[in-house]
Amino acid sequence: MKLKGLKIGEYTSKYPIIQGGMGVGVSMHKLAGNVAKEGGIGIISTADIGYQDKEFSKNPMKANLKAIGEEIKKAREIAPNGIIGANIMVALNNYGDIVKECVKNKIDLIISGAGLPKDLPEFIKNTKTKIAPIVSSGRCAKLISKIWMTKYNYTPDMIVIEGPEAGGHLGFKEDELFSNDKPKLEDITRDVINEVREIEKESGKNIPVVVAGGIFDGKDIAKYIKLGVSGVQMATRFVATEECDASNEFKQMYVKAKKEDVKIIKSPVGMPGRAIRNEFIKKVEKSKEKIEKCYRCIKTCNPKETPYCITKALINAVKGNIDEGLIFCGSNVEKINKITTVKELLQELNNEAELELC
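The structure displayed is predicted, hence computed values, not measured ones.

Visitor: Quick question: what am I supposed to make of the overall build of the protein here?
Guide: Counting its secondary structure elements, the protein contains 12 helices and 13 strands. Relative to the compact-globule value of 21 Å for 358 residues, the protein shows a C-alpha radius of gyration of 19 Å, a close match. Structurally, the protein occupies a C-alpha span of about 55 × 45 × 40 Å along its principal axes. Scored against the burial criterion, the 358 residues of the protein give a buried share of 56%. Of the contacts made within the protein by residues no fewer than 6 positions apart, 66% connect residues no fewer than 24 positions apart. Approximately 16100 Å² of the protein is accessible, and the part contributed by carbon and sulfur atoms is 46%.

Here it is, written out as structure tokens:
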């Protein structure tokens, strides 16, 4: 059985695969552009996207807004006919300004999580930009859809389910992640699909459901296609590609990682996160880091109380200063053993999935 592309309104990709947004600086124009060029949906992470700008330390928000336009333009140059999206965390300071800048630069898709994007429809009126909330339960999908319908008469263009095996910040409580009865992505998926079917009946609009968090290969893709999703979102696999925007040192941490290296950490964002337990993690486990500069990146972060500066840690990591950096990853990172190309990865995933769907 041939794997169908992912249809989001008038946009249709060759493969039903979204490359997940990874910040700071891991998924920028090079990765997103090449994923879109090869038939997937490429996602630029907007989290401190302007970190390379010389003015970033003085005025982070100005640098970030400037970089959004630059990164979207460069991604378009790589994939003029591809689908380019942005991942925007609700927890970011100046969330609305970041959304507006992405829309102004005609981004095709905005995926938004790390909080409820209650007012997202407000920013895309009379544009072609599609919007998708990230949810972790059917209840959450129902709630955000109800808010959007009541306030804006708008139904999500797509819904992304993110399960407990995802990388980076997780939409689950810490005790849930360590529980013997930990939420299972399969059960969450069935729950969300049931809710979405009801929303579709009420709105008359088709809403593709995309699943994320622990999707590693074509077998996983086929498994969830059979459960009723329209596509998958994958992040960890795309780090180990030549086109990924992160440093080679960052990528090699993925290649070398073992299962025991992966740890659930406490993030300054106020959510648990999954990362590789490197020297940096070991150090902050023992003592709080002195915050010398606050970049005001996250609404929930208090510099006086936070154990470390997440912006500084993520920038160190993506630049290759591994021992001083925070390296987010998915739960299946230990399965990665080589660096490949985006084209080869997408073809491999497609071929594996089609074999399973026969």
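Visitor: Quick question: what am I supposed to make of the side chain of Asn 350 here?
Guide: Within the secondary structure, Asn 350 sits in helix α12 (residues 342-357). On the accessibility criterion, Asn 350 (9% relative accessible area) is buried. Non-local contacts of Asn 350, meaning those with residues more than four positions away in its chain, are made with Leu 3 and Tyr 15.

Visitor: How should the pattern of salt bridges be read in this particular structure?
Guide: Opposite charge on two side chains makes pairing possible when the charged atoms of those side chains draw close. Applying the stated criterion across every chain, the model contains 17 salt bridges. The partner of Glu 10 in a salt bridge is Lys 130, and the shortest N-O contact between them spans 2.8 Å. Pair noted here: Glu 10 is in the loop between β1 (7-8) and β2 (11-12) and Lys 130 is in strand β7 (residues 130-135), with a separation of 120 residues, a long-range link. Bridged by salt links that share partners, the residues Glu 165, Lys 182 and Arg 274 form one connected network.

What counts, and where the lines are drawn
Residues numbered from 1 in each chain as written. Predicted model: local features only at pLDDT ≥ 70, side-chain atom pairs only at ≥ 80, totals over all residues. Heavy atoms only, no water. Helix = DSSP H or I, 4+ residues; strand = E, 2+ residues; numbered from the N terminus. Rg over C-alpha atoms; globule rule 2.2 N^0.38 Å. Buried < 20%, exposed > 50% of the residue type's maximum accessible area, 1.4 Å probe, protein only. Contact = heavy atoms within 4.5 Å. Areas by Shrake-Rupley, 256 points an atom, 1.4 Å probe, with all protein chains shown as cover. Salt bridge = Lys/Arg side-chain N within 4 Å of Asp/Glu carboxyl O.

Shape is all these values report; function is a separate question.
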